[in-house]
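Fold and contact review
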Amino acid sequence: MVDNLESNYDCSNAGGDLQELQQQLAGIQNTELDEQAQQTVNRLENQIRFIKNKCDIRP
């Protein structure tokens, strides 16, 4: 799991990391969200955006 993303993130890991993050996000979004789950969704979405921006990956 990708826990800490920093400016020196290695984009060679982007494919696997994005797949893992998107799977986690899909699993959570199919459930009713309490406050903690919503925070997890927000964190995952932010990590996905970070990797896509950092590594210049378009949707």
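Just so it is clear, the structure is predicted and the values come from calculations on it, not from any experiment.

Remarks on the packing of aromatic side chains
Scanning the entire structure with this criterion turns up 1 aromatic pair. A centroid spacing of 6.4 Å and a plane angle of 75° characterise the contact between Tyr9 and Phe50, whose relative ring orientation is edge-to-face. Of this pair, Tyr9 sits in the segment before helix H1 (14-29) while Phe50 sits in helix H2 (residues 35-54), and the two are 41 residues apart along the sequence. Overall, Phe50 belongs to the partly exposed group, its relative accessible area being 27%.

Focus: the packing of H1 against H2
Packing of H1 against H2 brings their axes to within 10 Å, and their N-to-C directions diverge by 155°. Judged by the inter-axis angle, H1 sits roughly antiparallel to H2. For the crossing formed where H1 meets H2, the hand is left-handed. Of the residues in H2, those touching H1 at Ala14, Asp17, Leu18, Leu21, Gln22, Gln24, Leu25, Ile28 and Gln29 are Ala37, Thr40, Val41, Leu44, Glu45, Gln47, Ile48, Ile51 and Lys52. Partitioning the contact of H1 with H2 into residue classes produces 10 nonpolar, 5 polar and 3 charged.

Section: the UniProt feature "coiled-coil region" (unreviewed entry) in the chain
Mapped onto the present numbering, the UniProt feature "coiled-coil region" (unreviewed entry) falls on residues 18-54. The distance separating the terminal C-alpha atoms of residues 18-54 is 12 Å; by composition the span is 86% helix and 0% strand.

Parameters and conventions
Residues numbered from 1 in each chain as written. Predicted model: local features only at pLDDT ≥ 70, side-chain atom pairs only at ≥ 80, totals over all residues. Heavy atoms only, no water. Phe/Tyr/Trp six-rings, centres within 6.5 Å; stacked < 30°, edge-to-face > 60°. Helix = DSSP H or I, 4+ residues; strand = E, 2+ residues; numbered from the N terminus. Buried < 20%, exposed > 50% of the residue type's maximum accessible area, 1.4 Å probe, protein only. Axes fitted to C-alpha atoms, helices over the stretch in contact; angles between N-to-C directions. Parallel < 35°, antiparallel > 145°, perpendicular 65-115°, else oblique. Left-handed = near helix turned anticlockwise from the far one by under 90°. Contact = heavy atoms within 4.5 Å. Nonpolar A, V, L, I, M, F, W, Y, C, P; charged D, E, K, R; others polar. UniProt positions renumbered as here; feature names shortened; annotations may be inferred.

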